[in-house]
Amino acid sequence: MIESNSKLRALPDWLSHLEHLHPMTIEMGLERVDQVKTTLDLVPCFPIITVGGTNGKGSTCAMLEAILSRAGYRVACYTSPHLLRYNERVRINQQEASDTDLCKAFEEVESARVANGISLTYFEFGTLAAMQLFSQAGVDVAILEVGLGGRLDAVNIFDADCAVLTSIDFDHMDYLGNTREEIGFEKAGIFRNGRAAICSEPDVPAAVRRHAEVIGANFMHIGEHFGYSTDATQWDYWGAGGKRHSLPHPALRGIYQLRNASACLAALDTIRDSLPVTMGDIRQGLLEVALPGRFQVLAGQPLTVLDVAHNPAAAHVLAANLGNMGCYPKTYAVFAMLRDKDMAGVVRALMPAVDVWLAADINAPRGASADELRQVLQSVNVVEAGATICTFPDIATAYAYACERASENDRICVFGSFHTVGEVLRYRNAVKPR
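These remarks concern the structure in this document. (Residues numbered from 1 in each chain as written. Predicted model: local features only at pLDDT ≥ 70, side-chain atom pairs only at ≥ 80, totals over all residues. Heavy atoms only, no water.)

1. A look at the packing of helix α3 (residues 57-70) against helix α9 (residues 257-270)
Where α3 meets α9, the axes come as close as 9 Å, and the angle between the chain directions of the two elements is 50°. In terms of orientation, α3 and α9 fall into the oblique class. Classified by chirality, the crossing of α9 by α3 is right-handed. For the pair α3 and α9, contact is made by S59, T60, M63, L64, I67 and L68 and by Q257, N260, A261, C264, L265, A267 and L268, respectively. Classifying every residue of the contact of α3 with α9 gives 9 nonpolar, 4 polar and no charged. (Axes fitted to C-alpha atoms, helices over the stretch in contact; angles between N-to-C directions. Helix = DSSP H or I, 4+ residues; strand = E, 2+ residues; numbered from the N terminus. Parallel < 35°, antiparallel > 145°, perpendicular 65-115°, else oblique. Left-handed = near helix turned anticlockwise from the far one by under 90°. Contact = heavy atoms within 4.5 Å. Nonpolar A, V, L, I, M, F, W, Y, C, P; charged D, E, K, R; others polar.)

So, in structure tokens, the structure goes:
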């Protein structure tokens, strides 16, 4: 028998309930969540932009949110996971949802769930609650970030007016497949007949094009239907909506962000009849966009870089960005990951940039222990390459050690998961390092 917990009042109680509601953390499929959606009569009356991909989803969502907000629209944004607070996942007008509003939405989803005798995963429950809140708030547009894959992700029960596919690489292979073709097909599941399907992955798998053609999506690929050129101080965009010249580089660091920014402009071109934006909106949005944990450089000495990179593709980008920062005598890596990720692939990508590896236990489901990480580091020969390894019982202790040992001219890089970055942010909020 499915019992209701609608009498819960505080957000932490609700989140604990969600964590224990379903026997599995992840269960692919749309049938259960769609039943609850129907009971809620959840039919959004606003345009939806759905963003999927292996890496770059968060940056793309943040740029879309910044530009559309600058244009004066009431913008909703649903992303995951969070760094410090669940509220980060659900935003309206660039403001996090309040505990009160989230709890009210959770109560409504819980009632519909129990009426159907259905168990929902944490992400499924949260997706329905976010959209319930957005619908009641009367937003002008919603930006939805896919949690995992696309075709069977809970976000995909809502039809996208424009779907954006940022990149396709190896991650979540237990669920999505072992080849880029298989993974691409799963991610392309967010495309819809007759609607825009933006792809900013340069090396697009044939399965993605094929799926777009089969379902009749309006497929637009970077380099073919839209693109950009750049110099050191500005960049130009071209696409179906025309050219835009002398744009500022996004406030988010990394040259790869121009791919994400181009996808944003291509997406905005497809909805310009209902949600027009000006050049001024685009410029200000790009200058003002912020996204914690994505090559985020913190002030102070030694310098700290935070990056949620947790797969080899993201790690290669992080390594390139570190290489472009200039010369540092030593780089300390505060490193914690989930054991179902390609830990060895991430280490190999960052080996040339790291002098001291500080492996830490991670307090998360599926988290790898510091000893497991040490074994991975040894297996790819980081010591033979000249690096050293230390292990720690938790991420905060590893970071404190780095702050103590690093000189003012050294660099600390924190990466491996959202949990890793979040723990360091909590530590810094509690104790400001020297």
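2. Regarding the sheet that holds strand β9 (residues 227-230)
Overall, antiparallel pairing links the 3 strands, which are arranged β9-β10-β11 in an open sheet. Unpaired on one side and paired on the other, β9 and β11 (242-248) mark the two borders of the sheet. Direction aside, neighbouring strands of the sheet carry axes that sit 20° apart on average. The pairing of β9 with strand β10 (residues 234-239) spans 4 bridges and is antiparallel. By the bridge assignment, T230 is partnered in β10 with W235. Sheet contacts for α9: β9, β10 and β11; angle to β10, the most-contacted strand, approximately 40°. (Pairing = 2+ DSSP bridges.)

3. Side note on unusual backbone geometry
In this chain, S80 is followed by P81 through a cis amide linkage whose omega measures -10°. Looking at the element boundaries, P81 is found in the loop between β2 (75-78) and β3 (90-92). The omega torsion across Q301 and P302 is -5°, close enough to zero to call that bond cis. When you line up the elements, P302 lands in the loop between β12 (296-298) and β13 (303-306). The phi angle at Q94 is positive, at roughly 65°, despite the residue not being glycine. Positionally, Q94 belongs in the loop between β3 and β4 (95-96). Relative accessible area serves as the criterion here: at 43%, Q94 is assigned to the partly exposed category. Positive phi outside glycine occurs at R366, with the angle close to 70°. Its place among the elements puts R366 in the loop between β15 (356-360) and α13 (370-379). For R366, a relative accessible area of 34% puts it in the partly exposed group. (Buried < 20%, exposed > 50% of the residue type's maximum accessible area, 1.4 Å probe, protein only.)

4. Some thoughts on the environment of V289
Along the chain, V289 turns up in the loop between α10 (279-288) and β12. Given a relative accessible area of 5%, V289 falls into the buried group. Along the chain, V289 and K104 lie 185 residues apart, while their C-alpha atoms are 29 Å from each other. Discounting residues that sit within four places of it in the chain, V289 has contacts with A62, M63, A66, A251 and L252.

5. Section: α3
Between its first and last C-alpha, α3 extends 20 Å over 14 residues, near the 20 Å set by a 1.5 Å rise per residue. Just beyond α3, the residue with positive phi is G72, at close to 95°. (Expected span 1.5 Å × (residues − 1).)

6. Examining the nonpolar core
Generally speaking, soluble globular proteins have nonpolar side chains that are buried together. In terms of nonpolar packing, the biggest core is built from 42 residues, with V90, F106, L120, F134 and L144 touching the most fellow members. Those elements that place two or more of their residues in this core are α1 (11-21), α2 (31-39), β2, β3, α4 (99-116), α5 (122-137) and β5 (141-145). Take this core: its biggest share by element is 9 residues, from α5. Residue contacts for F134: discarding those within four places in its chain leaves F46, A76, C77, Y78, V90, R91, I92, V139, A142 and L144. Judged by nonpolar contacts, the second largest core, of 40 residues, contains L68, L258, L265 and V289. (Core = buried A, V, L, I, M, F, W, Y, C linked by side-chain atoms within 4.5 Å.)

7. Considerations on the packing of aromatic side chains
Tallied over the entire structure, the rule returns 13 aromatic pairs. Between Y86 and Y122 the ring centres are 5.9 Å apart and the planes differ by 80°, which places this aromatic pair in the edge-to-face class. Of the two residues, Y86 is situated in the loop between β2 and β3 and Y122 in helix α5; the sequence distance between them amounts to 36 residues. Side by side, Y86 and Y122 carry an identical accessibility label, which is buried. Ring centres of F191 and F219 lie 6.2 Å apart, and the angle between their planes is 55°; this geometry places the pair in the tilted category. Residue F191 is located in the loop between α7 (180-187) and β7 (196-199), and its partner F219 is located in strand β8 (residues 218-221); the two are separated by 28 residues in the primary sequence. Comparing F191 with F219 shows no difference in burial state: the two are buried. An aromatic cluster is present here, built from W14, Y86, F106, Y122 and F125 joined pairwise through their rings. (Phe/Tyr/Trp six-rings, centres within 6.5 Å; stacked < 30°, edge-to-face > 60°.)

8. Description of the pairing of β11
Each regular strand shows side chains that alternate between the opposite faces of the sheet. The pairing of β10 with β11 spans 5 bridges and is antiparallel. Bridge pairing in β11 places G239 opposite G242. A loop of 2 residues connects β10 with β11, the two strands running antiparallel in sequence.

9. Details of the pattern of salt bridges
For the structure shown, the criterion picks out 19 salt bridges. Put simply, R339 and E372 hold a salt bridge, and the shortest N to O gap is 3.0 Å. Placement of R339 in the loop between β14 (331-335) and α12 (343-350) and of E372 in helix α13 is noted, with a sequence separation of 33 residues between them. A salt bridge links R426 to E423, with the nearest nitrogen and oxygen atoms 3.0 Å apart. Linking R426 with E423, this pair stays in helix α15 (residues 418-430), spanning 3 residues, or about one helical turn. Residue classification places R426 among the partly exposed positions, given a relative accessible area of 35%. Residue class for E423 comes out partly exposed when judged on its relative accessible area of 32%. Within this structure, E27, R32 and E124 form a network of salt bridges that share partners. (Salt bridge = Lys/Arg side-chain N within 4 Å of Asp/Glu carboxyl O.)

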